[in-house]
Amino acid sequence: MQNQPIKEYNIPAEATLEVIGGKWKLLILCYLNCGPMRSSEFRKEIPDISQKILTQHLREMEETGIINRTVYNEVPLKVVYELSELGKSLKSILDQLGEWGEHYINARKSEKLF
């Protein structure tokens, strides 16, 4: 992580949203919560994200220290992304978000049955 000036936040949730907020970052983190991935794997799992946005978000999360990027000296070049130790501290939150999403989907399905 680069030495960046420490930003002042009004509440801690503001810092959290800055790091993991947005349309795609949380989804990227949920996939990384299951294990390391390559850029091409993200494109298969999240087909609606553009390569430009994917690259931008991966770089931003790498700069904030929640993911690690490992480049393997192979031909073709192999780049793997995974949660850093700091990123792994999000595991319980990501798991809970997944559980709540499952609950929400089931509740919505139940509503349509009546």
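See the structure shown above.
My aim in this report is to walk through the structure given alongside it, one point at a time. All of these numbers come straight from a predicted model, not from anything done at the bench. (Residues numbered from 1 in each chain as written. Predicted model: local features only at pLDDT ≥ 70, side-chain atom pairs only at ≥ 80, totals over all residues. Heavy atoms only, no water.)

### Quick notes on the overall build of the protein
- Each helix and strand counted, the protein has six helices and three strands in total.
- Shown N-terminal to C-terminal, the secondary structure of the protein runs as helices and strands in the order α-α-β-α-α-β-β-α-α.
- Seen through its principal axes, the protein has C-alpha atoms that stretch 55 × 40 × 25 Å.
- Split into buried and exposed, the 114 residues of the protein put 25% on the buried side.
- Sequence-distant contacts in the protein: of pairs separated by 6 or more residues, those separated by 24 or more amount to 45%.
- Looking at the protein as shown, the accessible area adds up to about 8500 Å², and 55% of this sits on carbon and sulfur atoms. (Helix = DSSP H or I, 4+ residues; strand = E, 2+ residues; numbered from the N terminus. Buried < 20%, exposed > 50% of the residue type's maximum accessible area, 1.4 Å probe, protein only. Contact = heavy atoms within 4.5 Å. Areas by Shrake-Rupley, 256 points an atom, 1.4 Å probe, with all protein chains shown as cover.)

### Some details on the pairing of strand 3 (residues 78–83)
- Both strand 1 (residues 37–38) and strand 3 contribute to a ladder of two bridges, which runs antiparallel. Note that in strand 3 the partner of Arg-38 across the bridge is Val-80. (Pairing = 2+ DSSP bridges.)

### A closer look at the packing of helix 1 (residues 12–20) against helix 2 (residues 25–32)
- It is the contact of helix 1 with helix 2, at a shortest axis distance of 8 Å, that shows an interaxial angle of 80 degrees. The angle between helix 1 and helix 2 falls in the class roughly perpendicular. For the pair helix 1 and helix 2, contact is made by Glu-18, Val-19 and Ile-20 and by Lys-25, Leu-26 and Leu-29, respectively.
- Classifying every residue of the contact of helix 1 with helix 2 by side-chain character gives four nonpolar, no polar and two charged. (Axes fitted to C-alpha atoms, helices over the stretch in contact; angles between N-to-C directions. Parallel < 35°, antiparallel > 145°, perpendicular 65-115°, else oblique. Nonpolar A, V, L, I, M, F, W, Y, C, P; charged D, E, K, R; others polar.)

### Describing the pattern of salt bridges
- Inspection of the entire model under this criterion finds five salt bridges.
- In this structure, Lys-88 and Glu-85 form a salt bridge, with 3.4 Å as the shortest nitrogen-oxygen distance. Here Glu-85 and Lys-88 lie together in helix 5 (residues 85–88), a separation of three residues that amounts to about one turn.
- Its relative accessible area of 45% is what places Lys-88 among the partly exposed residues. (Salt bridge = Lys/Arg side-chain N within 4 Å of Asp/Glu carboxyl O.)

### With respect to the sheet that holds strand 3
- One open sheet accounts for three strands, arranged 1-3-2; its pairing is antiparallel. Lying at the two open borders of the sheet, with one neighbouring strand each, are strand 1 and strand 2 (67–72).
- Here helix 2 sits on the sheet and contacts strand 1, strand 2 and strand 3; the angle it forms with strand 3, its principal contact strand, is near 95 degrees.

### Points about the nonpolar core
- Within the largest apolar cluster, 19 residues are counted, with the highest numbers of intra-cluster contacts made by Ile-28, Leu-29, Leu-32, Phe-42, Leu-58 and Ile-67.
- Elements with a minimum of two residues in this core: helix 2, helix 4 (51–64) and strand 3.
- What Ile-67 contacts, discounting residues up to four positions off in sequence, is Leu-29, Leu-32, Leu-58, Met-61, Glu-62, Tyr-81, Glu-82, Leu-83 and Ser-84. (Core = buried A, V, L, I, M, F, W, Y, C linked by side-chain atoms within 4.5 Å.)

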